[in-house]
Amino acid sequence: MNISLCINGQSRAFDAEPRTLLVHLLRDEAGLTGTHIACETSVCGACTVLLDGKAVKSCTVLAVQAEGSEITTIEGLAPGGKLHPLQEQFWEKHGLQCGYCTPGMILAAWQLLERRPDPSEEEIRHGIEGNLCRCTGYQHIVDAIQAAAAQMGGKR
Amino acid sequence: MASIPEAPKFIGVPIKRRDDPRLIQGRARYVDDFQLPGTLHMAFARSPYGHAAIRGVDLSKARAAPGVVAAYAGADLAGKIGPVPVAGLVPDARVPVQPVLAGGRALFAGEPVAAVVARTRYQARDAADLVEVDYQALDAVVDLEKALAPAAPRVHAQFEDNVAFRWAIAGGDIEAGLRAADVVIKQKIANPRVVPLALEPRGVLAHYLPGEDKMTIWSSTQVPHKLRTLLAQQIGMAENRIRVIAPEVGGGFGSKLNVYREEALAAYVTRELGRPVKWIESRGENFLATIHGRGQLGEAEMGLRRDGTITALRYNVLADCGAYYQLLTVAIFTLTGLMLPGPYKIPHIEMKVTGVFTHKMATDAYRGAGRPEATYILERMLDLAALELGMDPAEIRRKNFPAKAEFPYATSAGLTYDSGDYHAALDKALQKAGYPEMRRQQAEARRQGRCLGVGLSTYVEICGMGPSAALGGQGWESARVRVEPTGKVTVFSGASPHGQGQETSFAQIAADAFGIAVEDVEVIHGDTDVVPYGVGTFGSRGTVVGGSAVVFARDKVRDKMARFAAMRFEADAADIAFAGGKVFVRSAPEKSAPFARIAQMAYDAIQLPPGTEPGLEETHFFEPPNFTFPFGTHVVLVEVDPQTGEVKILRYVAVDDVGNMINPLLVRGQIHGGIAQGAGQALEEEVIYGGGGQPLNATLMHYALPKAHQLPRFELDHTTTPTSVNPLGAKGVGEAGTIGSTPAVVNAVLDALAPFGVHHLDMPLRPEKIWRAVSRARKGGPA
């Protein structure tokens, strides 16, 4: 069936099976492989993307459910090859090691800062509890999100 | 010996990682991100039973399904693909042959029984569901003790029981040591199975080009060359016609230090069909069919004098091998024996291991790999001993450390620790934690009816794996360094980092010696057609062994470059220095040229220094003369809610000594991650099996990985005791956190429970287990 989406600001049309998961559409059809799959059960958050400005786990969203929506993936977070403050601070604070959880973690953090521009450490830790990281022990991720919040001046 | 330059500009500096830009922008490429035209997708039908007879496999419906190109059962592959490779065996180990697809019997839940290849992923998975297997479920061997009962079902009919191997290590005279003790503490201790759970599941993409008779394999692996050699043998293809690429790899923790069935099958099928074949593991498959870690059930006995001096340690242990060995299954358990004396002077030790076949996936290397198990035994036993002797846990540890002056220190397990200062790390950790204050806080909390606990672990680990002879081969690592004609430097490493950050730290190592910027160094790894034959990344060896190889290769090139510069400046090569992007004469600095100019000279080769070939490229294989022995002390403060059994880690203090640090930022990251994993095992993680051998919690919905809000802010510090085993003086850091944290957290929880008379519980210390123990104690029952 036909599915039309706006991905990272570009209108795209796809012909996909009704059961196609959004994450597979993004990765295999749209070629945006920055969104990762790690648990297929919406527990780990590696597949997090923004759907109409809300962080969703794209491994448990059907592509058809996203019909007509605006999707932002990690590739589209910052325009023109620039870095979003979250990306900058993940780099600065060593908020990643293997990098597999990172795109989802950054987009989850984006939503957290959208809702809470100046979060406390505890709010950050709870805010990313839907995203698993096996490498970092989270501390540098928390530091990165805190630093990004400061850089963004408490507002987006 | 080569050495760090006198005034390093980059080594020891917390430079941010050079690989991050691609990772934070979603531009990195993991195996599944490679999309070759015409790729076929592979999926498996796996046994739902822990143990079953396979009376028939009917592939007809699968073959007829849309998009299916091929389907295979075990019988279709007989004689065509060799068994899964095994190494690191001990004498007289019974070695079952692990086929690529199960034949007459399935021996663990998740064992692949049939493979289906189709045009799309969805079609492949659909078709795998259409494979009809006639199973007859059989009794499964799950429990390690029951596995050895005479009436137990046998995992392998060709062996007379479920004993996989027996191995022992002894030093001193264990009986005399126990006789010399005033008290002997005995405790049965389990170290349950856990899953490594790299966030990126395993995956392989194999592409055979019939015209060239060449194959490229992209695999999420820690050991690309090992994979190439072993796969070549398995599928009967010349090794030098296979190229293995480890692209971006999303974590390993030991689980990708292996050669798995699916890799061999993908390689076989692409050659059969002449099209690219991809298999990406699902998380469910990862739980079932990627190696597990730990899996020990033992009985420990520690003898001590009244003053806390350890006289002897005995550990008899059952080792859960699973149904088949993977690459290093057996070897991992022997590492526990080598590590058994830990950081203590224990004159008499003995460990007897009985490897046990069970109807489960194999165990193998998982972060720490045998050494956390030894540390856990020691640290638990010392806490029990301290309790018995009325000593402070810190004091009993201090009492048994070798003094700084006693290094190099030869242990009763036969290793020689080259350097160490265990007192310093303990003192620093206690000071940082405010240990006396922590104890006062605990006493005050107890008066208020709250349960605070303080846990310690002091550890040493065997890292920088390792001397080849001690490892049964291949303990070295390779590096090639090339100065390009334009003055850029390329480092080719045989190590295969997958998140550790050596693209940065190796560049730091190279840049310092050449006096150039880190940005001018490119680090290449993970491609067998490009880098020299390498061993890979595991066992805290990447920097220690791989980085040392870079040092030697780099110095060879630098020495050669100095000869070209000496010729140009009519100076002595020993008087040539490299700094600030220039090559100059140390005693006459006005004689200088840009680094790139000298590099170009070596390639132009219009004039050559005597006995010197053109070009600037050197390779070094670094063979470490010994292991390295990082150590440290971790101090944990927890609060346990006796009403619910919930544990909250209030503080976590870690003082680790990893020798010289190349990049302290990366070191911190490694320790953080290690602590989190170790704490996960202490509190939450365990693979739970039903009686039929099916894992009951084989999803991330049921298997609890530590989350951000469950962990505290880690308070780190370090001492620095360099090793003389390698030119960097670095000792390795990949496993330190995991080794230190598990016992520290468990000890803290049990310290909190001490007022209830609960002195030992097996991991994981989930709320329910704690709540039950407390409830029993309150009712006056046995703890």
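These numbers come from a predicted model, not from an experiment. (Residues numbered from 1 in each chain as written. Chains lettered and ligands numbered in written order. Predicted model: local features only at pLDDT ≥ 70, side-chain atom pairs only at ≥ 80, totals over all residues. Heavy atoms only, no water.)

Secondary structure summary: chain A contains five helices and five strands in total. Along its sequence from the N terminus, chain A presents helices and strands in the succession β-β-α-β-β-β-α-α-α-α. A compact globule built from 156 residues should have a C-alpha radius of gyration of about 15 Å, and chain A, at 15 Å, falls within 12% of that. For chain A, long-range pairs separated by at least 24 residues make up 57% of all intrachain contacts whose partners lie at least 6 apart in sequence. Within the structure as shown, chain A displays about 5,800 Å² of accessible surface, and the carbon and sulfur contribution to it stands at 46%. Side chains of chain A give 13 positive and 18 negative charges; the mean places of these two sets differ by 3 Å. (Helix = DSSP H or I, 4+ residues; strand = E, 2+ residues; numbered from the N terminus. Rg over C-alpha atoms; globule rule 2.2 N^0.38 Å. Contact = heavy atoms within 4.5 Å. Areas by Shrake-Rupley, 256 points an atom, 1.4 Å probe, with all protein chains shown as cover. Lys, Arg positive; Asp, Glu negative; His and termini not counted. Charge placed at Lys NZ, Arg CZ, Asp CG, Glu CD.)

Moving on: the overall build of chain B. Helix and strand content of chain B: 21 helices and 28 strands. Relative to the globule expectation of 28 Å for 783 residues, the C-alpha radius of gyration of chain B, 27 Å, shows essentially globular dimensions. Along the three orthogonal principal directions, the C-alpha set of chain B runs to about 90 × 70 × 45 Å. Here chain B holds 783 residues, and 66% of them are scored as buried. (Buried < 20%, exposed > 50% of the residue type's maximum accessible area, 1.4 Å probe, protein only.)

Let's shift gears to the sheet that holds strand S2 (residues 10-15) of chain A. Residues and elements named next belong to chain A. Ordered in space as S2-S1-S5-S3-S4, the five strands form an open sheet in which the pairing is mixed. Looking along the sheet, the strands with just one partner apiece sit at the ends: S2 and strand S4 (54-57). In this sheet, neighbouring strand axes are inclined to one another by 40° on average, regardless of whether the strands run parallel or antiparallel. The pairing of strand S1 (residues 2-7) with strand S5 (residues 70-72) spans two bridges and is classified as parallel. Paired with cysteine 6 across the two strands is glutamate 70, which belongs to S5. (Pairing = 2+ DSSP bridges. Axes fitted to C-alpha atoms, helices over the stretch in contact; angles between N-to-C directions.)

By a widespread convention, an interface's size corresponds to the accessible area lost as its parts come together. Tallying the contact residues gives 53 residues for chain B and 52 residues for chain A. For the chain B and chain A pair, buried surface summed over both sides reaches about 4,600 Å², with 54% attributable to carbon and sulfur atoms. Among the residues chain B hides against chain A, the three largest losses belong to Ile24(B), Tyr122(B) and Leu199(B). Together they make up 17% of the total. Linking chain B with chain A are nine salt bridges. (Buried area = accessible area lost by both parts, 1.4 Å probe. Salt bridge = Lys/Arg side-chain N within 4 Å of Asp/Glu carboxyl O.)

With that settled, the discussion passes to the nonpolar core. Within the largest apolar cluster, 177 residues are counted, with the highest numbers of intra-cluster contacts made by Phe90(A), Ile145(A) and Phe165(B). Here this core takes ten residues from helix H11 (residues 371-389) of chain B, the largest share from any one element. Split by domain, the residues of this core number at least three in each of domain 1 (2-76) and domain 2 (83-152) of chain A. Setting aside residues up to four positions removed in sequence, Phe90(A) forms contacts with Gly95(A), Leu96(A), Thr102(A), Met105(A), Ile106(A), Ile141(A), Ala144(A), Ile145(A), Asp20(B) and Ile24(B). (Core = buried A, V, L, I, M, F, W, Y, C linked by side-chain atoms within 4.5 Å. Domains from an automatic or database assignment.)

On to helix H16 (residues 502-514) of chain B. Residue and element names in this part refer to chain B. For H16, built from 13 residues, the straight-helix expectation of 18 Å at 1.5 Å per residue is met to within 8% by its first-to-last C-alpha distance of 18 Å. In terms of residue burial, H16 counts as a mostly covered element, since 13 of its 13 residues are buried. Two residues or fewer after H16 comes glycine 515, characterised by a positive phi angle close to 65°. (Expected span 1.5 Å × (residues − 1).)

Further remarks concern the sheet that holds strand S22 (residues 576-579) of chain B. Residues and elements named next belong to chain B. Strand order in the open sheet formed by three strands is S22-S23-S24, with antiparallel pairing between adjacent strands. Edge positions in the sheet fall to S22 and strand S24 (588-594), since each has one partner strand and no second. Neighbour-to-neighbour, the strand axes of the sheet open up by a mean angle of 30°, direction not taken into account. Sheet topology note: the S22/strand S23 (residues 582-585) ladder contains four bridges and is antiparallel. Paired with phenylalanine 578 across the bridge in S23 is valine 583.

Residues and elements named next belong to chain A. You can read the domains of chain A as domain 1 (2-76) and domain 2 (83-152). Of note, the centres of domain 1 and domain 2, computed from C-alpha atoms alone, are 21 Å apart. Buried area between domain 1 and domain 2, summed over both chains or domains, comes out near 1,200 Å², and the portion from carbon and sulfur atoms is 61%. Considering only the side of domain 1, the residues that lose the most area to domain 2 are His36, Leu50 and Ile74, jointly responsible for 38% of the buried surface there. The interface formed by domain 1 and domain 2 holds zero salt bridges in total.

Tallied over the full model, the rule gives 63 salt bridges over all chains. The residue Glu685(B) makes a salt bridge to Arg134(A) at a minimum N-O spacing of 2.8 Å. Here Glu685(B), found in the loop between helix H19 (664-683) and strand S28 (714-718), pairs with Arg134(A), found in the loop between helix H4 (121-127) and helix H5 (139-151), and the two come from separate chains. Taken individually, Glu685(B) and Arg134(A) each receive the classification buried, so the pair is uniform in this respect. Salt bridges here are not isolated pairs; linked through shared partners, they connect Arg27(A), Asp28(A), Asp32(B), Asp33(B), Arg121(B) and Lys278(B).

The relative placement of two packed helices comes down to the angle between their axes together with the axis-to-axis distance. Residue and element names in this part refer to chain A. Helix H3 (residues 102-115) packs onto helix H2 (residues 85-92) with a crossing angle of 125° between their chain directions and a minimal axis gap of 10 Å. Relative to H3, H2 is oriented oblique. Of the two possible hands of crossing, H2 and H3 adopt the one that is right-handed. Residues Leu86, Gln87 and Phe90 of H2 form the contact with H3, whose own contacting residues are Thr102, Met105, Ile106, Ala109, Trp110 and Leu113. Residue composition of the contact of H2 with H3, grouped by class: seven nonpolar, two polar and no charged. (Parallel < 35°, antiparallel > 145°, perpendicular 65-115°, else oblique. Left-handed = near helix turned anticlockwise from the far one by under 90°. Nonpolar A, V, L, I, M, F, W, Y, C, P; charged D, E, K, R; others polar.)

With that settled, consider unusual backbone geometry. For the peptide bond that leads from Met465(B) to Gly466(B), omega is -20°, which places it in the cis range. Secondary-structure assignment places Gly466(B) in the loop between strand S18 (451-460) and helix H15 (468-471). Cis peptide bonds are those with omega within 30 degrees of zero, and the linkage from Met763(B) to Pro764(B) qualifies with -10°. For Pro764(B), the location among the structural elements is in the loop between helix H20 (736-753) and helix H21 (767-778). Of note, the phi angle at Tyr138(A) is positive, near 75°, even though the residue is not glycine. As for its placement among the helices and strands, Tyr138(A) is situated in the loop between H4 and H5. A residue is classified by how much of its surface remains accessible, and Tyr138(A), at 1% relative accessible area, is buried. Positive phi, close to 45°, is recorded for Ser540(B), a residue that is not glycine.

Looking now at the pairing of S18(B). Of all ten residues in S18(B), ten are buried; the element is thus mostly enclosed. Side-chain alternation along S18(B) places Cys451(B), Gly453(B), Gly455(B), Ser457(B) and Tyr459(B) on one buried face and Leu452(B), Val454(B), Leu456(B), Thr458(B) and Val460(B) on a second face that is also buried.

As for its placement among the helices and strands, Asp143(A) is situated in helix H5. Setting aside residues up to four positions removed in sequence, Asp143(A) forms contacts with Lys93(A) and Arg713(B).

Right, let's get into the environment of Met215(B). Residue and element names in this part refer to chain B. Along the polypeptide, methionine 215 turns up in strand S10 (residues 214-219). Between the C-alpha atom of methionine 215 and that of threonine 270, which follows or precedes it by 55 residues, the distance is 8.5 Å. Setting aside residues no more than four positions away along its own chain, methionine 215 makes contact with His207, Tyr208, Ile235, Met237, Arg241, Ile242, Arg243, Ala267, Thr270 and Arg271.

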